[in-house]
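Summary of the model geometry
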Amino acid sequence: MCGIFGISGKIAVSSVDLCIAGLKKLEYRGYDSSGIALLNEGQIEIVKSCGKVESLEKRVLHLKDLKAVSIAHTRWATHGGVVEVNAHPHIDNEKNLALVHNGIIENFYELKLYLKKNGVQFLSDTDTEVIAHLFSHFYDSNLLNTLKRVHEKLIGSFAVACIHKDHPNTLIVTKRDKPLILALDQQKGQIIVTSDRNALYEGEFQTVDLEDNQIALINENTLQLYDQNGLITPLQFTPLFVKNTSHDKGEFSHFMLKEIHEQPHAIRRTLEGRYDLENGQILLNLPKNFKEFFPKVSKIALIGCGTSYHAACIIAHFIEEFVRIPAQAHIASEFRYKEGLTDESTLVIGISQSGETADTIGALREAKRQKAKIFCITNVQHSSIIRESDFHLMTQAGPEISVCSTKAFTSQLLLLYLLTLEFYQMKHGFLDQGNTWIQNLRTLPSLIESVLQKKSLIQEIAKQTCQFDKVLFIGRQYMFYTALESSLKLKEISYIFSLCYPAGELKHGPLALVDENTLTIALLGHAPTFQKTCSNVQEIQARKGKIFAIAQKNQNLEEISPDFAFKIDVSIAQPLLPILYSVVLQLYAFYVALEKGHDIDHPKNLAKSVTVE
Ligand code: M6R
């Protein structure tokens, strides 16, 4: 989604080169247009382009020699279509200032009407443009006072960076509910402003995460931070060493395929050092204050969006079944608007690969307001979710580039299994069958490898089934939640309309959809309900529906003789099966999308990091 990159301070190199490099590093978030603004011979110059940053790069060649304070942006459309005029930066009518914005201004329409009444002419359909005109409307030569007044008028979430013709060396920024980081490169004297640390170039920085409502003024001599009353606030720097790891696909055609294959490694790394096999114990090194709080926990709420929500569903089931504490999974965007779900005895576990998902962060804030303790699981160091949480644990999946989440999901599950086992340990003082659990977890990487070795069979099934345009996923218990995730994978990259139901629910409605043009993917992995799910499959077959069954080696499929089948070679604890079934269906979704010739790593309409509500 949208990304901000700006530079100020003592600028040693071409501003345009720096900004383009920063924007390219923001590309992974997903965007549809980009732009740059800087001062050129006393005038604000703005260049914008739809499509890839590469096309913007070609349009800014004439500005390459400038070393000027600059702002740049990647836009993911919310208000207004993907056209150049809606791309950022936006300007006021007099072309005195330019600004970029991440977030959503909820009262933009009301502000627009007010500004229009005052003679302002709008060029775009964006909510952002009102900020530019409001700034111009309040401008009194003092950037700080003006931005303070603008800030007070805005409702919603925002990170804003602005340059003004009258202050040629100054960059002014502010934020509410959106991340904005100041990164000082002491060696070069440059100061970068960005919404995402990933945009930084290789080097050593002193960083400050802006707090809500703070304003920072940056020029070649000073970096000054102000609170919402305009009073100077001391800067507290955190050192950051950025090492650029190149994101290449290696031997793979797509990041998604590479990341699917990285799962054994990601799981090994996430497990590393977190158990004691000899004594059958989990070692998550949870802090003392968490251990003191845990006996008071009366319920657990697991919160996430998309794939992370599916991890929450699987683990809520496991916690209830194994630890016997009431646990429920919640979709973050729903949870945050429900009253009274948490209190001081609630443990809330927020799950987010990126650590930046606006809905999840909003839900955690709401839970905190209702006095719950917040624990988070994320894959990204320094991400916003960590700052919102009382406790956190990191998955070790490594950067996930493909929009379609794979290795982050299975690593989340692995870490959440460990956490659940640790909960049991804390509750009972020991882990029942600890060695067996640990052995099971340790075999997961090699079991995934054996699924990966059979990928050509999955590709063949994908080739033979990719023409179905109605796909139904069914499963029971753990397999239902796994099916939810698999159905999302297929939707995201193949654009096939797919639904997911608990197998027993079909006869209560969805069966009406089934005919010879429907493919049902039946996840038969839950042993206690295998037979029941086979009966549901037969109900589908009686209506001429086609079946792709996924089962374990020892499960006999003769009775249903599915049209397509994949068998997993395992003997592993039931709750851990979702990892293996997910890998099969990640590969299936990938190969279906490949058959269809889609841009698998950048599915249409989607972004990697969803930073708006
Ligand atoms: O970074 P997060 O885990 O918070 O992201 C949540 C969802 O946006 C994400 O899982 C999304 O559903 C993926 N594209 C799924 O593949």
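Residues numbered from 1 in each chain as written. Predicted model: local features only at pLDDT ≥ 70, side-chain atom pairs only at ≥ 80, totals over all residues. Heavy atoms only, no water.

As a further point, take unusual backbone geometry. Cis rather than trans, the peptide bond between His 88 and Pro 89 has omega equal to 0°. Tracing the chain through its elements places Pro 89 in the loop between β4 (70–75) and β5 (90–91). Positive phi, normally seen in glycine, also occurs at Asp 177, with a value near 60°. Inspection of the secondary structure assignment puts Asp 177 in the loop between β8 (171–176) and β9 (181–185). A positive phi angle is found at Lys 544, which is not glycine, with a value near 75°. Positionally, Lys 544 belongs in the loop between α17 (530–541) and β25 (546–552). On the basis of relative accessible area, Lys 544 is assigned to the exposed category, the value being 57%. (Helix = DSSP H or I, 4+ residues; strand = E, 2+ residues; numbered from the N terminus. Buried < 20%, exposed > 50% of the residue type's maximum accessible area, 1.4 Å probe, protein only.)

Another point: the site of the ligand. Taken together, the neighbourhood of the ligand is formed by 15 residues, with Ser 308, Ser 352, Ser 354, Thr 357 and Glu 492 sitting nearest. Here an oxygen atom of the ligand and a side-chain polar atom of Ser 308 are 2.6 Å apart. The separation between an oxygen atom of the ligand and a polar side-chain atom of Lys 489 is 3.1 Å. Summarising the interface, the protein chains cover 90% of the accessible area of the ligand, which totals 410 Å² for the free molecule. For the shell around the ligand, the secondary-structure elements that each account for two or more residues are α9 (306–323) and α16 (478–494). Class assignment of the residues belonging to the shell around the ligand gives a composition of 5 nonpolar, 8 polar and 2 charged. Of the domains in this structure, domain 2 (249–452) and domain 3 (454–605) are the two that each give at least three residues to the shell around the ligand. (Near = heavy atom within 4 Å. Polar contact = N/O pair within 3.5 Å; in protein donor to acceptor, adjacent residues only side chain to side chain. Areas by Shrake-Rupley, 256 points an atom, 1.4 Å probe, with all protein chains shown as cover. Nonpolar A, V, L, I, M, F, W, Y, C, P; charged D, E, K, R; others polar. Domains from an automatic or database assignment.)

So, about the layout of surface pockets. The space that makes up the second largest pocket amounts to roughly 830 Å³. Of all the secondary structure elements, the ones that give two or more residues to the lining of the second largest pocket are β7 (156–164), β11 (203–209), β14 (238–242), α11 (358–369) and α12 (384–388). Of the residues contributing to the lining of the second largest pocket, the split by class is 14 nonpolar, 11 polar and 14 charged. (1 Å grid on protein atoms, 1.4 Å probe; cavity = no way out; pocket = protein on both sides within 12 Å on 5 of 7 lines; lining within 4 Å. Points joined across faces, edges and corners; volume = space filled by probe spheres on them.)

Looking now at the sheet that holds β4. A sheet is described by the order of its strands in space; here 8 strands give the open sequence β3-β2-β4-β1-β10-β9-β11-β14, paired in antiparallel fashion. One side of each edge strand has no neighbouring strand; the edge strands of this open sheet are β3 (43–50) and β14. Here the average twist between neighbouring strands, direction ignored, is 20°. Here strand β1 (residues 3–9) runs beside strand β10 (residues 190–194); their pairing, made up of 5 bridges, is antiparallel. (Pairing = 2+ DSSP bridges. Axes fitted to C-alpha atoms, helices over the stretch in contact; angles between N-to-C directions.)

Take the domain arrangement of the chain next. Split into domains, the chain comes out as domain 1 (3–242), domain 2 (249–452) and domain 3 (454–605). Placing a centre on the C-alpha atoms of domain 2 and another on those of domain 3 gives a separation of 25 Å. Counting residues at the interface gives 38 residues for domain 2, matched by 34 residues for domain 3. Buried surface at the junction of domain 2 and domain 3, both sides included, amounts to about 3,200 Å², of which 71% is carbon and sulfur. Where domain 2 packs against domain 3, one counts 0 salt bridges. Going through the elements one at a time, α6 (255–261), α7 (263–271), α9, α13 (407–428) and α14 (434–453) are the ones with two or more residues in the side of domain 2 that touches domain 3. Looking at the side of domain 2 that touches domain 3 element by element, the count peaks at 10 residues for α14. Looking at side-chain class alone, the side of domain 2 that touches domain 3 contains 21 nonpolar, 15 polar and 2 charged residues. (Contact = heavy atoms within 4.5 Å. Buried area = accessible area lost by both parts, 1.4 Å probe. Salt bridge = Lys/Arg side-chain N within 4 Å of Asp/Glu carboxyl O.)

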